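The primary structure of each chain is shown beneath.
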Amino acid sequence: VQLVESGGGLVQAGGSLRLSCAASGITFSINAMGWYRQAPGKQRELVAAIRSGGGLTNYADSVKGRFTISRDNAKNLMYLQMNSLKPEDTAVYYCNAGYYSGTYYYTGRLWGLGTQVTVSS
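The rules we used
- Residues numbered from 1 in each chain as written.
- Predicted model: local features only at pLDDT ≥ 70, side-chain atom pairs only at ≥ 80, totals over all residues.
- Heavy atoms only, no water.
- Disulfide = S-S within 2.5 Å.
- Helix = DSSP H or I, 4+ residues; strand = E, 2+ residues; numbered from the N terminus.
- Buried < 20%, exposed > 50% of the residue type's maximum accessible area, 1.4 Å probe, protein only.
- Polar contact = N/O pair within 3.5 Å; in protein donor to acceptor, adjacent residues only side chain to side chain.
- Pairing = 2+ DSSP bridges.
- Phe/Tyr/Trp six-rings, centres within 6.5 Å; stacked < 30°, edge-to-face > 60°.
- Lys NZ or Arg CZ within 6 Å of the ring centre and 35° of its normal.

## Here we look at the state of the cysteines
And then number 1: Considering all chains together, one arrives at one disulfide under this definition.
And then number 2: Here C21 connects covalently by a disulfide to C95, the sulfurs 2.2 Å from one another. Residues C21 and C95 share a disulfide whose torsion about the S-S bond is about 65°; that sign makes it right-handed. In this pair, C21 is assigned in strand β3 (residues 17-24) and C95 in strand β9 (residues 91-101), connecting sequence segments 74 residues apart. We note that C21, like C95, is buried.

## Notes on the environment of S62
And then number 1: Mapping S62 onto the fold places it in the loop between β6 (57-59) and β7 (67-72).
And then number 2: Classification of S62 by relative accessible area gives partly exposed; the value is 39%.
And then number 3: Each C-alpha atom of the pair S62 and V47 lies 8.2 Å from the other, and the pair is 15 residues apart in sequence.
And then number 4: Within the structure, the side chain of S62 is placed 3.3 Å from the side chain of R37, a separation counted as a polar contact.

## Here's the deal with the pairing of strand β5 (residues 45-50)
The side chains of a regular strand alternate, residue by residue, between the two faces of the sheet.
And then number 1: Two strands pair when backbone bridges link them, and strand β4 (residues 32-38) and β5 are joined in this way by five bridges, in the antiparallel orientation. Directly across from Y36, in β5, lies its bridge partner L46.
And then number 2: The antiparallel pairing of β4 with β5 creates a hairpin that spans six residues between the two strands, and G41 there sits at a positive phi of about 75°.
And then number 3: Alignment of β5 against β6, held across three bridges, turns out to be antiparallel.

## Some thoughts on the packing of aromatic side chains
And then number 1: All chains considered together, the criterion is met by six aromatic pairs.
And then number 2: Ring geometry for Y36 and W111: centres 4.9 Å apart, planes at 65°, overall edge-to-face. With Y36 in strand β4 and W111 in strand β10 (residues 104-111), the pair connects residues that are 75 residues apart, well separated along the chain.
And then number 3: Owing to a relative accessible area of 6%, Y36 belongs among the buried residues under this scheme.
And then number 4: Relative to Y106, the ring of Y99 lies with its centre 5.2 Å away and its plane at 10°, an arrangement referred to as stacked.
And then number 5: These aromatic residues form a ring-pair network of at least three members: Y36, Y94, Y100, Y105 and W111.
And then number 6: The cationic tip of R51 hangs over the ring face of Y100; the distance from NZ or CZ to the ring centre is 4.8 Å.
And then number 7: The ring of F28 has R71 sitting right over it, with the charged end atom 4.4 Å from the ring centre.

Printed below as a string of structure tokens:
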């Protein structure tokens, strides 16, 4: 049972990256999923979340209009398309298997190891 993130790297401000999260050992299609990030010296924060069927998504205010979360249940993959990146987006990005109650995403116990995103100014 694991989640594996990929796609991080170094990019200039204004650039784009697409992160992927590959799931194995879980029934991916029934899990809500989320992307979190943690910058040095800061708490881990929810960036975006998506319902199991993909019909509901949530975003942190800081990334609305720039990031897009999506999933491919047939491939057990989740994505985070990040555009117009800013230096303050620099963090380790983690995927999480959680659940929704109403329109609120709750963190689950399964985490990936993270992928580093660094945005230079």
